[in-house]
Amino acid sequence: MNLRELPPEDIRRRLAGPGLCLRTGPITVRIRSRLPAVVHTLALLYADHPVVAEEAFCDFHVRLFQPAGLRRWWRPQVQFAFDDFVPFKPLPHDHAFPMLEWGLNWAVANHAHWYLVLHAAVIECGGRAAILPAPPGSGKSTLTAALVQRGWRLLSDELTLIDPDTGLVHGLARPVSLKNTSLPLLRAWAPDAVFGPPAHDTLKGTVAHMKPPPESVARMDEPARPAWVIFPRYVPDAAPRLTPHPRGHALLEFARNAFNYSILGSRGYDTLARLIASVECFDFHYSRLEDALATFTRLAHGD
Amino acid sequence: MTGPRWRVNPAHGVRVTAWEDGYTVFHAASGDTHLLDPFTGQVLSCLLEHPMDLDELARALAGRPAAALASGERDALEKALAALARVHLAEAE
């Protein structure tokens, strides 16, 4: 059963009580919250994700709640808990849904050590995956959101999960986080895309999440074979330019930015070396989404 | 024999991969990952096969004894060994 098939009162009951168990690819999470904003946005953006039985095993148990104290009367806040551990400081109440998403990212990055977890977006076309590592501000999520609205499949906009045994990438197909000027850009690029309500004045500015395309969610259990590592960079007014990126440097950049590389030790290095040996690595500079789409389409078609 | 023999400590769990822009190396004992220039990476690869002194390294890399190396070549070899020793990838026996 998908979340959209669950009556709203049942969603509210589960979230307020035993928890709503959602599966995002190989990760099942139990979410608890009484906050109306979380209930509403979760139902909107995770509508196509499968709901798991209340008594099922869940990898992570998370909770969003309003901290106790007098402050809640004049400046309400929201807090994220993982089991009963609170890893972050509270945020303003209207940042509740972004906080849930950031908290889930944190949970996967810090606990899913059966994967090598890279800080990178990953999308797939024709059975081949493109991994997009990039620092904040490079346009990674904007590019990811744009491409998955035009035929590429979303695996993740933030976390690339690599199985050390198979070298395959596993997807989560969770909402894509967009911020500031990317929001009107994507609304114009994909008028039918569904967005959650914007949260203003976050650390990243104004943030809203885009619902993953239903076909990406329907195929989230299908791992993909990595074919490309592409370091994207938005450069105002630049013509699209795809140039080879040296693979030794690529491995080192991943090693620095992977979430759990040091925890996996030799296994992490072997996984990374195998990944880099099996892909083509590029730098990609772009300014227009149309150009980016054309470049990625040529790549997927082997031109 | 020319100077000490150099080796990669087998207990350190060193893994090396060659790329077009150099060699990446994982040093399990420290958890560090390095990117070595092609020459230093080649020196390390030789030492991974078995311990060598400067003369043996010169023969393996240049096909002639250390005494026949140009001074710049010998300096480069010594600098590479010093660089490897600094990050504990190689040690004098």
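Structure first, text after, so check above.
Residue numbers here run from 1 along each chain, matching the order of that chain's written sequence. In the order they appear in the text, chains get letters beginning with A and ligands get numbers beginning with 1. Reporting of local features is limited, given that this is a predicted model, to residues whose pLDDT is at least 70; pairs of side-chain atoms are given and counted only at 80 or more, and all residues count toward the totals for whole chains, interfaces and linings.

Asks: Please give an account of the overall build of chain A that cites residues and values.
Replies: Along its length, chain A carries 10 helices and 17 strands. To get the radius of gyration, use the C-alpha atoms; to get the globule rule, take the number of residues to the power 0.38 and multiply by 2.2 Å. At 19 Å, chain A has a C-alpha radius of gyration in line with the 19 Å of a compact globule built from 303 residues. Seen along its three principal axes, the alpha-carbon backbone of chain A occupies a region of about 55 × 45 × 35 Å. Across chain A, every contact between residues at least 6 apart in sequence was considered, and the portion connecting residues at least 24 apart equals 72%. Secondary structure elements are taken from DSSP: a helix is a run of H or I of four residues or more, a strand is a run of E of two residues or more, and numbering for both begins at the N terminus. C-beta atoms are first placed from the backbone for all residues, and any pair lying within 7 Å is then listed as a contact.

Asks: Give me the sheet that holds strand β6 (residues 91–92) of chain A: which residues, what numbers.
Replies: Residues and elements named next belong to chain A. Should DSSP find at least two bridges between two strands, the strands are regarded as paired. Across the sheet, six strands lie side by side as β3-β1-β2-β4-β5-β6; this open sheet has mixed pairing. Edge positions in the sheet fall to β3 (51–52) and β6, since each has one partner strand and no second. Across four bridges, the pairing between strand β4 (residues 60–65) and strand β5 (residues 77–82) is antiparallel. When the sheet's bridge partners are listed, F65 is paired in β5 with Q79.

Asks: Before we move on, could you go through the sheet that holds strand β3 (residues 22–27) of chain B and cite the residues and values that matter?
Replies: Residue and element names in this part refer to chain B. Spatially, β2-β3-β4 is the arrangement adopted by the three strands of the open sheet, whose pairing is antiparallel. At either end of the open sheet lies a strand with only one pairing partner, and these are β2 (14–19) and β4 (32–36). Recorded for the sheet is a direction-independent mean angle of 15 degrees between the axes of neighbouring strands. With five bridges joining them, β3 and β4 adopt antiparallel strand pairing. The residue bridging F26 from the neighbouring strand is T33, located in β4. All axes here are fitted lines through C-alpha atoms, helices being fitted over the stretch that makes contact, and every angle between N-to-C directions spans 0 to 180 degrees.

Asks: Quick rundown of the interface of chain A and chain B? Include the residues and the values.
Replies: Taken together, the contact between chain A and chain B spans 12 residues of the former and 14 residues of the latter. Elements supplying a minimum of two residues to the side of chain A that touches chain B: α7 (247–257) and α9 (266–277) of chain A. Looking at which element gives the most residues to the side of chain A that touches chain B, the answer is α7 of chain A, with six residues. Here the residues of the side of chain A that touches chain B sort into six nonpolar, five polar and one charged. Any residue that is not Ala, Val, Leu, Ile, Met, Phe, Trp, Tyr, Cys, Pro, Asp, Glu, Lys or Arg is counted as polar, Gly included; the first ten are nonpolar and the last four charged.

Asks: Pulling in residues and values, what's your account of α9 of chain A?
Replies: In this scheme, a helix's expected span is set at 1.5 Å multiplied by one less than its residue total. The end-to-end C-alpha distance of α9 of chain A, which contains 12 residues, comes to 16 Å, matching closely the 16 Å that a straight helix rising 1.5 Å per residue would cover. Around each residue's C-beta, the other C-beta atoms within 10 Å are counted; 20 or more make the residue buried, 12 or fewer make it exposed, and counts in between make it partly exposed. All C-beta atoms are placed from the backbone. Along α9 of chain A, the residues that are buried comprise G268, Y269, T271, L272, A273, L275 and I276 of chain A.

Asks: I'd like a rundown of the nonpolar core, residues and numbers included.
Replies: Only buried residues count toward a nonpolar core: Ala, Val, Leu, Ile, Met, Phe, Trp, Tyr and Cys, linked into one set through C-beta atoms within 7 Å. Core analysis: the biggest nonpolar cluster contains 114 residues, and V117, V122, I123, L132, L155 and L272 of chain A together with L44 of chain B have the highest contact counts within it. When neighbours within four sequence positions are excluded, V122 of chain A is seen to be in contact with A129, I131, L132, L155, S156, T160, V169 and G171 of chain A.

Asks: Explain unusual backbone geometry to me, and be specific about the residues and the numbers.
Replies: Even without being a glycine, N180 of chain A presents a positive backbone phi close to 50 degrees. The topology assignment puts N180 of chain A in the loop between β12 (176–179) and α5 (182–189). Classification of N180 of chain A by C-beta neighbours within 10 Å gives partly exposed; the count is 14. Positive phi, close to 65 degrees, is recorded for H88 of chain B, a residue that is not glycine. Relative to the elements of secondary structure, H88 of chain B occurs in the loop between α3 (71–86) and β5 (91–92).

Asks: Describe the packing of helix α4 (residues 140–148) of chain A against helix α10 (residues 289–300) of chain A, with residues and values.
Replies: Residues and elements named next belong to chain A. The contact between α4 and α10 brings their axes to 10 Å, and the two run at 65 degrees. Considering the angle they form, α4 stands roughly perpendicular to α10. Two packed elements cross with a definite hand, and for α4 against α10 that hand is right-handed. Within the contact between the two elements, α4 uses L143, A146 and L147 and α10 uses L289, A292, L293 and F296. For the contact of α4 with α10, the per-class residue count stands at seven nonpolar, no polar and no charged. Small angles under 35 degrees read as roughly parallel and large ones over 145 as roughly antiparallel, with 65 to 115 read as roughly perpendicular and the rest as oblique. Take the far helix as your reference; a near helix turned counterclockwise from it by less than a right angle gives a left-handed crossing, and one turned clockwise gives a right-handed crossing.

Asks: Now, about the pairing of strand β17 (residues 280–286) of chain A: what can you tell me, with residues and values included?
Replies: Residues and elements named next belong to chain A. The sheet contact formed by strand β15 (residues 225–234) and β17 spans seven bridges and is parallel. When the bridges of β17 are listed, W228 appears paired with E280. Pairing geometry for strand β16 (residues 241–244) and β17, over four bridges, is antiparallel. Bridging from a neighbouring strand, L242 pairs with F284 of β17.

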